[in-house]
Each structure stands twice: as C-alpha cells, then as structure tokens.
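Letter by letter, the chains look like this.
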Amino acid sequence: MPTRILLEGRPGVGKTTAIRRLAALLHNRDIVGFTTEEIRQGSARVGFALETAAGSRAVLAHVGFPGPPKVGRYGVDLGVMDRLALPALMAASSDPLPGQLVLIDELGRMELASASFREAVRSVFEAGIDVVATVHAHSDPFTGPLKKRADIELITVTRANRHTLPERLAARLEYR
C-alpha cells in the first residue's frame, strides 16, 4: 500500500521548509515533483517561484503578472504548471517506478487554479506511488475531500515540529 501524506499548516509555518528538508534527506528515493518558494524584493514578497525536483525553475506568480487568474495580488502563470510540474506528475502516475516518491509543494490556490494540475494530482493519488504533499489548513473544495480520504495520513506542521518532522518522515520513507 502506498504511503500518502498531506502536511497541513497555516501559511508561513514551515511546510515548504519541511518538504525541502525531507527531499534532501532521502538519498535512496527517486524524487519527482516540485517545491515553491517566495520571491522577495527587500522585505516585500512579490511572487512565488516553482522548482522541479529535476532543477527546472520558473516564476509561477508575481505582483507584476496581469492574470487571470489572480490569487490575492498575484497574477498566476498557469503555463508554468503545464510546462514544469505536470510532465513529471503524469509520468509518475501512469508508470510509477520502484523507489519513486512524488513531492508536491503545494496544493494551494495558485497551483489549484490549473484544472490540468488538479487532474494530475488526482491521478497521482490514485496511482500506486508514495506521495507527500503540502496543503493549507483552510477549507478548499479540492483539498477538503482529499484530506478526508481513508488512505491519507494528515500531519499538522507547526513551529514546534517543523524542524524534527523531516527527519521522522525520512526514516519512514527511505527506500531500502
């Protein structure tokens, strides 16, 4: 039975930091997927970049992008999801390889604005592959039912556990 973990937490609690640390600790896994990170100008957050496990990177959302879609003050470039995130997710869900682990950071409003991304996530969670994804604590029509699935382990990321959680998960997920 595949491991399916959702790391849930409020914005800024350290979900991205935890999933990136987890990826760095897993030496015997073939990791596919992506992480996101803030783009800052000085102390101001002006956007978000997406980086694949293979090292490709692009700006996903930025205050200077016109949208649509818009999430808050950020215009979102859904083409980044199609070009960078989807190919690896679709390949992993259609032909999972031994030792493969899908990491998704995150199942958030910007990423979920893409219908093709939502479909890819559904496929990944139906495939016989291990998945760890981050998700906001707030209610959402897509992530709400996912959190309630019987095969999902929902772990809350907090300031108290965000530093030890990656090591605990890596001990469970390291492929032997």
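Preceding this paragraph is the structure being described.
Residues numbered from 1 in each chain as written. Predicted model: local features only at pLDDT ≥ 70, side-chain atom pairs only at ≥ 80, totals over all residues. Heavy atoms only, no water.

K.L.:
Would you take a moment to explain the layout of surface pockets for this structure?
P.N.:
In this approach the atoms are scanned with a rolling probe the size of a water molecule, which exposes any empty space left behind. Looking at the largest pocket, its volume works out to about 670 Å³. Along the walls of the largest pocket sit 24 residues, with E38, R45, F48, E106 and H136 positioned nearest its centre. Breaking the lining of the largest pocket down by element, the ones donating at least two residues are helix 1 (15-25), strand 2 (30-41), strand 3 (44-52), strand 7 (100-107) and helix 3 (109-112). With 4 residues, helix 1 is the largest single contributor of residues to the lining of the largest pocket. Residue composition of the lining of the largest pocket, grouped by class: 6 nonpolar, 9 polar and 9 charged. Of the voids in this model, the second largest pocket is the one considered here, and its volume is about 190 Å³. Secondary structure elements with two or more residues in the lining of the second largest pocket: helix 1, strand 2 and strand 3. Class assignment for the residues of the lining of the second largest pocket results in 5 nonpolar, 4 polar and 2 charged. (1 Å grid on protein atoms, 1.4 Å probe; cavity = no way out; pocket = protein on both sides within 12 Å on 5 of 7 lines; lining within 4 Å. Points joined across faces, edges and corners; volume = space filled by probe spheres on them. Helix = DSSP H or I, 4+ residues; strand = E, 2+ residues; numbered from the N terminus. Nonpolar A, V, L, I, M, F, W, Y, C, P; charged D, E, K, R; others polar.)

K.L.:
What exactly am I supposed to notice about the pairing of strand 4 (residues 57-62) here?
P.N.:
In the case of a regular strand, side chains alternate between the two sheet surfaces. By the bridge criterion, 5 bridges tie strand 3 to strand 4 in an arrangement that is antiparallel. Looking at the pairing, E51 lines up with R57 of strand 4. Of the pairings in the sheet, the one linking strand 4 to strand 6 (residues 74-76) comprises 2 bridges and is antiparallel in character. Counterpart to A61 in the pairing with strand 6 is V76. (Pairing = 2+ DSSP bridges.)

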